[in-house]
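Observations on chain architecture
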Amino acid sequence: MTEQYERARKILEENRDTMIRLAEALLEHESLDGVQIRRIVAGLSLDDTEAASTTGTEEQPQVKEPSGSRELKPILPPITGGTPAPA
């Protein structure tokens, strides 16, 4: 059990920045759909999602510049097409 606790703790520590971005987005938007969550996890802006959904055309997402000097590492597969990949 201790080994699995340490494994879970390591995963949470490695993805702390992603969890903070998700929490901030939830505070701002109150709810997020799957595509929005995947964009946040990938380090992308949510503003592009709203514009693309109103125009009906798919555009390549623009990478949001990280606020710190560290590079964001995605923990989910990349977003491709209109349907999200299975988790």
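All figures in this text were calculated on a predicted structure; none of them were measured in a lab. (Residues numbered from 1 in each chain as written. Predicted model: local features only at pLDDT ≥ 70, side-chain atom pairs only at ≥ 80, totals over all residues. Heavy atoms only, no water.)

**Focus on the overall build of the chain**
Per the secondary structure count, the chain includes four helices and zero strands. Here the chain holds 87 residues, and 17% of them are scored as buried. The long-range share in the chain, meaning contacts at least 24 apart out of those at least 6 apart in sequence, stands at 33%. (Helix = DSSP H or I, 4+ residues; strand = E, 2+ residues; numbered from the N terminus. Buried < 20%, exposed > 50% of the residue type's maximum accessible area, 1.4 Å probe, protein only. Contact = heavy atoms within 4.5 Å.)

**What about the confidence of the model for the chain?**
The predicted coordinates ought not to be read in detail in places where the model reports low pLDDT. Chain-level statistics for the chain give a pLDDT mean of 75 and a share of 54% at 70 or above. Averaged over each element, pLDDT in the chain is lowest for helix α4 (residues 47–55) (55) and highest for helix α1 (residues 2–14) (94). (pLDDT = per-residue confidence, 0-100.)

**What to know about unusual backbone geometry**
With a phi angle near 70°, Glu30 is a residue other than glycine that sits in the positive phi range. Checked against the element boundaries, Glu30 lands in the loop between α2 (16–29) and α3 (34–41).

**A short note on the pattern of salt bridges**
Side-chain pairs of opposite charge can arise where the charged atoms are in close proximity. Applying the stated criterion across every chain yields a total of two salt bridges. Ionic pairing is found between Arg9 and Glu13, a salt bridge with its closest N-O pair at 3.1 Å. One end of the pair is Arg9 and the other is Glu13, both in helix α1 and four residues apart, which spans about a single turn. What makes Arg9 partly exposed here is its relative accessible area of 42%. (Salt bridge = Lys/Arg side-chain N within 4 Å of Asp/Glu carboxyl O.)

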